[in-house]
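Topology and contacts: notes
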Amino acid sequence: MTDASTILDGLNPAQRQAVTAAPGPVLVLAGPGSGKTRVLTRRVAYLIGVHGVDPHHILAVTFTNKAAREMRDRLEKLLGPGEAAALTVGTFHSICARFLRRDSIHLGRERDFAIYDTDDQLRVMKRVLRDLNLDEKKHAPRAIHAAISRAKNELIDPDAYSRHAHSYFEEVVARCFARYQELLRGANALDFDDLLVETVRLFEEHPAVLERYQERYGFLLADEYQDTNRAQYVLLKQLASRHHNIFVVGDEDQSVYAFRGADIRNILSFERDYPEAQVILLEQNYRSTQAILDVAQAVINRSAQRRRDKRLWTRNGEGVLVQVIEGYDQDEEAQLVAGEIARLIAGGAYQPGDIAIMYRTNAQSRAIEEALIARQAPYIIVGGTRFYERKEIKDALAYLRLALNPFDDISLSRVLNWPARGIGQRTQEDLERRAGAAAVPLYVMLHTLAANAEAAADQTTSPAPARTGEMPSRARNALLGFLTLIDESLDRRQTLSLGALMDWLFERVGFREALRREYGDEEGDDRWNNVMELRNVAEQYADLPLASQLSTFLEEVALVSDIDTLQEERNAVTCITLHQAKGLEFPVVFLVGLEEGLLPHARSADDRDALDEERRLFYVGATRAKERLYLLHAFRRATYGRTEIATPSRFLHDIPPDLLQRAPKRGYAAAQMVTGRAAALRNPRRNQAAPVSPHSAAPDGPRAISFFAGQKVHHAQFGEGIVVSSKLVEGDEEVTVAFVGKGVKRLLASFANLQHVGE
Ligand SMILES: Nc1ncnc2c1ncn2[C@@H]1O[C@H](COP(=O)(O)OP(=O)(O)OP(=O)(O)O)[C@@H](O)[C@H]1O
Ligand SMILES: [Mg+2]
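Keep in mind the model is a prediction, meaning the values are calculated, not measured.

**A look at the overall build of the protein chain**
Within the protein chain one finds 30 helices and 24 strands. Burial statistics for the protein chain: of 759 residues in total, 43% are counted as buried. Restricting to contacts in the protein chain with at least 6 residues of sequence separation, those with at least 24 account for 73%.

**Some details on the confidence of the model for the protein chain**
Model confidence for the protein chain is summarised by a mean pLDDT of 85, while 89% of its residues fall at 70 or above. Across the protein chain, strand 15 (residues 586-591) holds the top mean pLDDT of 98, while helix 29 (residues 677-681) sits lowest at 33. Scored below 50 in pLDDT, residues 666-703 makes 56 contacts in the model with residues more than four places away or belonging to other chains. With pTM at 0.77, the complex prediction returns an ipTM value of 0.99.

**Some details on the sheet that holds strand 16 (residues 625-634)**
Overall, parallel pairing links the 7 strands, which are arranged 13-14-12-15-16-11-19 in an open sheet. At either end of the open sheet lies a strand with only one pairing partner, and these are strand 13 (379-381) and strand 19 (660-662). The mean inter-strand angle of the sheet, taken between neighbouring strand axes irrespective of direction, is 25°. Strand direction decides the pairing type here: strand 12 (residues 355-359) and strand 15, joined by 4 bridges, are parallel. Bridging from a neighbouring strand, A356 pairs with V589 of strand 15. Helix 15 (residues 330-346) rests against strand 11 (322-327), strand 12, strand 14 (573-577), strand 15 and strand 16 of the sheet, and its axis sits at about 155° to strand 16.

**Section: the environment of F553**
Looking at the secondary structure, you find F553 in helix 25 (residues 546-558). A residue is classified by how many C-beta atoms lie within 10 Å of it, and F553, with 22 of them, is buried. Spatially, the C-alpha atom of F553 lies 44 Å from that of V299, the residues being 254 residues apart in sequence. Among all residues touching F553, those that are not within four sequence positions of it are L498, A538 and Y541.

**Notes on unusual backbone geometry**
Omega for the bond connecting W418 with P419 falls within 30 degrees of zero, at -5°, which places this linkage in the cis form. Within the secondary structure layout, P419 lies in the loop between helix 18 (409-415) and helix 19 (425-438). Looking along the chain, the bond that leaves L599 and enters P600 is cis, with omega of 5°. As for its placement among the helices and strands, P600 is situated in the loop between strand 15 and helix 26 (608-622). The residue A439 is not glycine, and still its phi comes out positive at about 55°. Inspection of the secondary structure puts A439 in the loop between helix 19 and helix 20 (442-458).

**Some words on the site of ligand 1**
Around ligand 1 sit 18 residues, and of these G35, K36, T37, R38 and Y286 come closest. Here the shell around ligand 1 gets 3 residues from one element, more than from any other, and that element is helix 3 (residues 36-49). Of the residues in the shell around ligand 1, the class split is 4 nonpolar, 9 polar and 5 charged.

**Some details on the environment of L449**
With respect to the helices and strands, L449 occurs in helix 20. With 140 residues separating them along the chain, L449 and D309 place their C-alpha atoms 68 Å apart.

**Considerations on the UniProt feature "domain: UvrD-like helicase ATP-binding" (unreviewed entry) in the protein chain**
In the numbering used here, UniProt assigns the "domain: UvrD-like helicase ATP-binding" (unreviewed entry) feature to residues 9-289. This span, residues 9-289, is 52% helix and 12% strand, and a straight line between its end C-alpha atoms measures 23 Å.

**Some words on the pairing of strand 11**
Across the 6 residues that make up strand 11, a large majority, 5, are buried. Note: strand 11 against strand 16, 5 bridges, orientation parallel. Across the sheet, residue Q323 finds its bridge partner in strand 16, namely Y630.

**Regarding the sheet that holds strand 2 (residues 58-61)**
Across the sheet, which stays open at both edges, the 6 strands sit in the order 3-2-6-7-1-8 with parallel pairing between neighbours. The open sheet terminates on both sides in strands that have one partner only, identified here as strand 3 (88-90) and strand 8 (278-282). Neighbouring strand axes in the sheet, compared pairwise and without regard to direction, differ in orientation by 10° on average. Sheet topology note: the strand 2/strand 6 (residues 219-222) ladder contains 4 bridges and is parallel. Considered in strand 6, the bridge of L59 is made with L220. In the packing of helix 2 (residues 13-20) onto the sheet, contacts are made with strand 1 (26-30) and strand 8, and the angle to strand 8 comes to roughly 150°.

**Observations concerning the nonpolar core**
Of all hydrophobic cores here, the largest spans 117 residues; its most connected members are V28, A60, Y180, L220 and L221. With 8 residues, the top contributor of residues to this core is helix 17 (residues 391-404). For V28, the residues in contact, after removing those within four places along its chain, are A18, K36, V39, V249, I280 and L282. Of all hydrophobic cores here, the second largest spans 60 residues; its members include A296, I357, C575 and L631.

**Thoughts on the pairing of strand 7 (residues 246-250)**
Across the 5 residues that make up strand 7, a large majority, 5, are buried. Here strand 7 shows a buried face lined by I246, V248 and G250 and a second buried face lined by F247 and V249. Inspection of the sheet shows strand 1 paired to strand 7 by 4 bridges, in the parallel sense. Its bridge partner lying in strand 7, V28 is registered against V249. In terms of strand pairing, strand 6 meets strand 7 through 3 bridges, oriented parallel. Looking across to strand 7, one finds that A222 is bridged to V248. As a crossover connection, the stretch from strand 6 through helix 12 (residues 230-240) into strand 7 is right-handed.

**A word on helix 6 (residues 118-131)**
Here helix 6 contains 14 residues, and its C-alpha end-to-end distance of 20 Å stays within 8% of the 20 Å for a straight helix at 1.5 Å per residue. All of the buried residues in helix 6 are D120, Q121, V124, M125, V128 and L129. Among the residues trailing helix 6, N133 stands out with phi positive, at a value near 55°.

**Some words on the packing of helix 20 against helix 22 (residues 473-495)**
Between helix 20 and helix 22, the shortest axis-to-axis distance is 10 Å and the interhelical angle comes to 120°. By the angle class used here, helix 20 and helix 22 are oblique. Handedness of the crossing formed by helix 20 with helix 22: left-handed. Touching Y443, L446, H447, L449, A450 and A453 of helix 20 are R476, L479, L480, L483 and I486, all from helix 22. Looking at the contact of helix 20 with helix 22 residue by residue, the class counts come to 9 nonpolar, 1 polar and 1 charged.

**Concerning the domain arrangement of the protein chain**
It is common to report an interface's size as the accessible area lost on association of the parts. When its domains are assigned, the protein chain resolves into domain 1 (4-106 + 195-282), domain 2 (114-187), domain 3 (313-382 + 566-662), domain 4 (387-457 + 471-560) and domain 5 (711-756). The distance between the C-alpha centroids of domain 2 and domain 3 comes to 35 Å.

**As for the environment of V322**
Tracing the backbone through its elements, the reader meets V322 in strand 11. Given 23 C-beta atoms within a 10 Å radius, V322 is considered buried. Distance from V322 to Q661, taken between C-alpha atoms, is 6.0 Å for residues 339 residues apart in sequence.

**Here we look at helix 17**
Relative to the 20 Å expected for 14 residues at 1.5 Å per residue, helix 17 spans 20 Å between its end C-alpha atoms, a close match to the ideal helical length. Within helix 17, 11 of the 14 residues are buried, which leaves the element mostly enclosed by the surrounding structure. In this fold, the buried residues of helix 17 make contact with strand 4 (114-116), helix 18, helix 22, helix 23 (498-509), helix 24 (511-538) and helix 25.

Here is what the cut-offs are and how they apply
- Per chain, residue numbering runs from 1 following the sequence as it is written.
- Each chain gets a letter, beginning with A, and each ligand a number, beginning with 1, in the order they are written.
- This being a predicted model, a pLDDT of at least 70 is required before a residue's local features are given, and a value of 80 or more before pairs of side-chain atoms are given or counted; all residues contribute to the totals for chains, interfaces and linings.
- Numbering of helices and strands runs from the N terminus; a helix is a DSSP stretch of H or I covering at least four residues, while a strand is a stretch of E covering at least two.
- Put plainly, a residue is buried at 20 or more neighbouring C-beta atoms within 10 Å of its own, exposed at 12 or fewer, and partly exposed in between, counting only other residues' C-beta atoms, which are placed from the backbone.
- A pair of residues counts as a contact when their C-beta atoms, built from backbone coordinates, are separated by no more than 7 Å.
- pLDDT is a residue-level measure of predictor confidence that goes from 0 to 100.
- The pairing criterion is simple: DSSP has to find at least two bridges between the two strands.
- For helices, the axis comes from a line fit to the C-alpha atoms of the stretch in contact; other axes are also lines fit to C-alpha atoms, and the angle between any two N-to-C directions lies between 0 and 180 degrees.
- Any residue qualifies as near a molecule or strand once its backbone-derived C-beta atom lies within 6 Å of it.
- Gly is placed with the polar residues, together with every amino acid not listed as nonpolar (Ala, Val, Leu, Ile, Met, Phe, Trp, Tyr, Cys and Pro) or charged (Asp, Glu, Lys and Arg).
- UniProt positions are given in the numbering used here, feature names are shortened, and annotations may be inferred rather than shown by experiment.
- We call a set of buried Ala, Val, Leu, Ile, Met, Phe, Trp, Tyr and Cys residues a nonpolar core when their C-beta atoms link them within 7 Å.
- Handedness is read with the strands pointing away from the viewer; a crossover is right-handed when the path from the first strand over the helix to the second is clockwise.
- Helices are assigned an expected span. That span is 1.5 Å times one less than the residue count.
- The cut-offs work like this: below 35 degrees is roughly parallel, past 145 is roughly antiparallel, 65 to 115 is roughly perpendicular, and the gaps in between are oblique.
- Working rule for handedness: look at the near helix, and if it is turned counterclockwise from the far one by less than a right angle, call the crossing left-handed; if clockwise, right-handed.
- Domain extents, as shown, originate in an automatic or database domain assignment.

Following this line, the structure appears as structure tokens:
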């Protein structure tokens, strides 16, 4: 056992109270940066280290897989290796997937089910529309899918949905919902929402199974509790209903997933479900400066809904003022961000990995990416085209999924004719129609065709079965060739390790040659390298028993969330949506697009609740910042192909002006780095001197030096000083100044706002 003092080290009294609370229901409510996640982790350590709870009995739900890994790492440090390994930590989805692998047989479902990701789900949706003869243009597959997803998160099944469908749209959704579930079922596949729904159903319909899980998981913990939806809430309640050892942490003001069914009321229900619950409030913020907290608070305080009044305070000091910067359009906005980042990094106090750029919609990342590329700043986009969404990777995974579950129609259709093997669109549709008519998966229909073909060959006298008769023999042979390939891979996976299976499969399919044929040698090899990268991942599964290597691998691949692509080891600027930024922290944060229609989003225009949610999004974004926060907006912005004058966000007006520092426009124009004439011309409002290039080779030449040794200057913080030297660094001027009584500092002219004194 680890002694309590190590575990309680670095906690304030309220945090300690939470960590050491007697087993039973505990609700920790507290603002951002107050240590909720820290407390949750320590609580796990405390249960194990002090109460002697076997880690095997602990289940902790985190918001991302990455958070789960971090928790494990921290616990390993606190408790030593070994202990942490026995814990069950993960997102709701990954935990449910694990439960279902073990027990889905009770629901009459094979354990080797496929998990359909967003892209697969949309493909199924499109097939549903085809099956029901609904026009994709009139019935947006995404909108229908979103409605189905919301229903599932509310634990509404197709029957119930259809009973309550009132509008025409709801009636369409009801029909699609039923068919969508049929198709998934036939393919032995689950979508993300089903993972939750089916687990709840498993526990509801099989009390003995539930009891087994209740005994196993005697201690439950959940982070970001404010964003649980109905299904997640019910699941936790089911598991906790016997022992009530449930520890949840959350913040009402950070609830930002209402559109996915998250329900803040779950926090209120907690106190009702467990009247004996201890409620602990944490107040001190350890993350941000007071300047940042005041700004965040000014916006959240204007919410229409009633909130528990919380004042965020910190001992971190006042810090620098939050900066507001206006760009001419989204490109200049992005360039200003990139320029500021370059200055911060050149100043030596920050590295790329310390910085995040946050936006409301994914589309905003395009301009930002271009500006960062122009600056050669390393960056990562969270939730961009992820590795696992690349076509060649999805194709490779489709083959692997079929080796596990040949009934997976989406994977089968995906690679039926990739690489090209003479199975045309017509043949594929023919196959789908036959399978649909017989209500069997495509794979089963392929076997039927094979059996019929044999029968026809054997008995030339009896009439050939009518169904195969129509299909041209060339098409049929191509299909049967594909079937042989699938059957062989089903065979191989019984005996081969995951890595060996991949080697065999890619060879057998002719994967590399196909890529080169399709994309040319160069791009083909790039793509092949990606496939080999996937092959490398397989090695991580080599130690598992043969029977579970493939299924574990596929499950983990399916559940890598966007945020998990955030590789910390890479020292790069993080570009991320506000939604995904929850729970994270960065020394420097840029919030861009603070305009009406973007933040708050247009879709919240006449909806008070939606507007409040936008406020909370701003609040989440602002409170990610530890030291410096920048708020940006553009004078005009192109959206949906139209450029319009943008109105600054009402959230900016909610902040008292003395909490903000507005960048002097001319100063910024002179200091900014426009990457060429075109950009300068697009910018008629600014009549700056020659545009400055970040790389000194530009024809316009670098920005001129404006400080010289011996000059007297004044700095807001350091007071009076004498310039020692000045030089150009990356297009900015780096000035070394000896300040009276404060020593020698190196400053960036455009950033430090140095004033000449005298003369
Ligand atoms: N008592 C403490 N002493 C020093 N640092 C602390 C203390 N408590 C928390 N911290 C630090 O403050 C930061 C914020 O903590 P944490 O991420 O746990 O907050 P949170 O309440 O979960 O925030 P959010 O609501 O944004 O998820 C972290 O860097 C954490 O290590
Ligand atoms: Mg947290």
